[in-house]
Amino acid sequence: MEREHKRGFSGRFGAGLPPTSDGALLFVQHAIAKMNPADGQDGGARAGIVLNGSPLFSGGAGSGSSNIRGWLLENDLIEAIVALPNDMFYNTGIPTYLWIFDNNKRPERKGKVQLIDATALGARMDKSLGSKRVKINAAARERVLQQYADMESSDTSKIFDNLDFAFWQITVERPMRRNFETTPERVALVAEHKTLGNIDGLIDALNSFNGGQYLNREVFLNDLGKHLGSRSISLTSAQRKALWQTLGERDENADICRFQSGKNKGEPEPDVPLRDTEIVPFGWNGHPKSHDAKDATIKAYFNAEVKPHIEDAWIDHTKTKVGYEIPFTLHFYKYVPPRTLAEIDADLDESLQEILGLLHKVEASK
């Protein structure tokens, strides 16, 4: 399969490879490769495949699974997805979905995907067959087919543009701010370090360095470097980095640590533990649902949703990825309000009285 994937679309798996633990999207590509071409004499083909829930959302942006979903959506191959009732199949009770593919859609369906929720339409069987406890009867089938034919939005049918399921994953960075000090506690960490702890004279030199607390990394390293040099202790770049990482503690009042060399010289150095990701949907806040709108959409999202809360944050655009996900259950979620406190209190009182009654019976039987 990996060899065939390397052949691109001259093979079956040009869109990508999912993880080896889940081959559902491999089978989808295999089936689509067998469909008659849209420009062929048969005018294209359609296919229906029953899958579990993972092909809808598995894999993050840039993963093989996400790329395969992107290929299906960008090439307008998904016509409809129907959520089936649980316990429909002999050997599994997990949620299942019927995917309908078409490589030559009718005009009214071009660029659209229809989601149909048929999870409530299962009819209980008189006798179970393994895990199969429900079936779709004739009335339920007609209802699903009618919703499909009508292609209208309702509580159990939703119509989406293909790119409603596309998003950009952006990486939000924050600047590194550290204070530095050679306290006994921090020097002890250096002594325990697998590399730094073996450098002759380093621990004694740190213990004798009385510079106090520094809020600027470069000033600290300059002063400490002079101190170590006076004791003939020389560190490699890697050791020097390990040393300040061990002696530093995050401090929002400290100066920003900046790159001292390379193409990013003078730029803020990101604090990796504070790194976060944000999901920016195509078409966010009325922007065009287009790859061409990437820069404008991301900038607007960042200025509205991130910058007001984290003033010194920025986007690492080299890490931006496009992803595709079909959050089926989210679109059919129905909010059920929690019970009132009065109802909960009444249940607790009832349970308490029942427990007290049992305790009285135990006492009476002694």
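The coordinates are above.
Residues numbered from 1 in each chain as written. Predicted model: local features only at pLDDT ≥ 70, side-chain atom pairs only at ≥ 80, totals over all residues. Heavy atoms only, no water.

**Here's the deal with the overall build of the protein chain**
Looking only at helices and strands, the protein chain features 12 helices and 13 strands. Against the 2.2 N^0.38 benchmark of 21 Å for 366 residues, the protein chain shows a C-alpha radius of gyration of 31 Å, more extended than a compact globule. Dimensions of the protein chain along its principal axes, counting C-alpha atoms only, are 90 × 85 × 40 Å. Looking at the protein chain as a whole, 39% of its 366 residues are labelled buried. A sequence separation of at least 24 residues applies to 70% of the contacts in the protein chain between residues at least 6 apart. For the protein chain, the distance from the average position of its 45 positive side-chain charges to the average position of its 50 negative side-chain charges is 6 Å. (Helix = DSSP H or I, 4+ residues; strand = E, 2+ residues; numbered from the N terminus. Rg over C-alpha atoms; globule rule 2.2 N^0.38 Å. Buried < 20%, exposed > 50% of the residue type's maximum accessible area, 1.4 Å probe, protein only. Contact = heavy atoms within 4.5 Å. Lys, Arg positive; Asp, Glu negative; His and termini not counted. Charge placed at Lys NZ, Arg CZ, Asp CG, Glu CD.)

**A short note on the packing of helix H6 (residues 184–192) against helix H9 (residues 237–247)**
Direction vectors running N to C along H6 and H9 enclose 140°, while the axes themselves pass 9 Å from each other. It follows that H6 is oblique to H9 by the angle criterion. Classified by chirality, the crossing of H9 by H6 is right-handed. Where H6 abuts H9, its residues Arg186, Val187, Leu189 and Val190 lie against Leu243, Thr246 and Leu247. Taken together, the residues of the contact of H6 with H9 sort by class into 5 nonpolar, 1 polar and 1 charged. (Axes fitted to C-alpha atoms, helices over the stretch in contact; angles between N-to-C directions. Parallel < 35°, antiparallel > 145°, perpendicular 65-115°, else oblique. Left-handed = near helix turned anticlockwise from the far one by under 90°. Nonpolar A, V, L, I, M, F, W, Y, C, P; charged D, E, K, R; others polar.)

**Observations concerning the nonpolar core**
Ranked by internal contacts, the top residues of the largest apolar core, which has 44 residues, are Leu72, Ile78, Ile81, Trp99, Phe101 and Leu115. Those elements that place two or more of their residues in this core are helix H2 (24–33), strand S1 (46–52), helix H4 (64–74), strand S2 (78–83), strand S3 (96–102), strand S4 (112–117), strand S8 (166–173) and helix H10 (294–306). When residues of this core are assigned to their parent elements, the largest contribution, 5 residues, is made by H2. If we skip the residues at most four places from it in the chain, Ile81 touches Leu56, Tyr97, Leu98, Trp99, Gln114, Leu115, Ile116, Ile326 and Phe328. By size, the runner-up hydrophobic cluster in this structure holds 21 residues, among which are Ile199, Leu206, Ala242 and Cys257. (Core = buried A, V, L, I, M, F, W, Y, C linked by side-chain atoms within 4.5 Å.)

**Details of the packing of aromatic side chains**
Summed over all chains, the structure comprises 12 aromatic pairs. Seen in terms of ring centroids, Trp168 and Phe282 are 3.9 Å apart; in terms of plane orientation they differ by 20°. Their pairing is stacked. Of this pair, Trp168 sits in strand S8 while Phe282 sits in the loop between strand S11 (276–281) and H10, placing them 114 residues apart in sequence. Through successive ring pairs, a cluster of aromatic residues spans Phe180, Phe209, Tyr214, Phe220 and Trp244. Its guanidinium or amino end placed over the ring of Trp244, Arg217 lies 4.5 Å from that ring's centre, counting from NZ or CZ. (Phe/Tyr/Trp six-rings, centres within 6.5 Å; stacked < 30°, edge-to-face > 60°. Lys NZ or Arg CZ within 6 Å of the ring centre and 35° of its normal.)

**Overview of the packing of H2 against H4**
Close contact between H2 and H4 brings their axes to 10 Å; oriented N to C, the two are set at 30°. By the criterion of interaxial angle, the relationship of H2 to H4 is roughly parallel. When you trace H2 past H4, the crossing you get is left-handed. Judged by residue contacts, Leu25, Val28, Gln29 and Ile32 of H2 engage Ser65, Ile68, Arg69, Trp71 and Leu72 from H4.

**Things to note about the pattern of salt bridges**
With the rule as written, the count across this model stands at 20 salt bridges. Where Glu79 meets Arg46, a salt bridge forms, and the shortest distance between an N and an O atom there is 2.3 Å. Here Glu79, found in strand S2, pairs with Arg46, found in strand S1; they are 33 residues apart in sequence, far enough to count as distant. Classification of Glu79 as buried rests on a relative accessible area of 1%. For Arg250, the salt bridge is made with Asp271, and the minimal N-O distance between the two is 3.1 Å. Here Arg250, found in strand S10 (residues 248–250), pairs with Asp271, found in the loop between S10 and S11; they are 21 residues apart in sequence, far enough to count as distant. Exposure remark for Arg250: the relative accessible area of 41% places this residue in the partly exposed category. (Salt bridge = Lys/Arg side-chain N within 4 Å of Asp/Glu carboxyl O.)

Everything listed here is a matter of geometry and, on its own, says nothing about what the molecule does.
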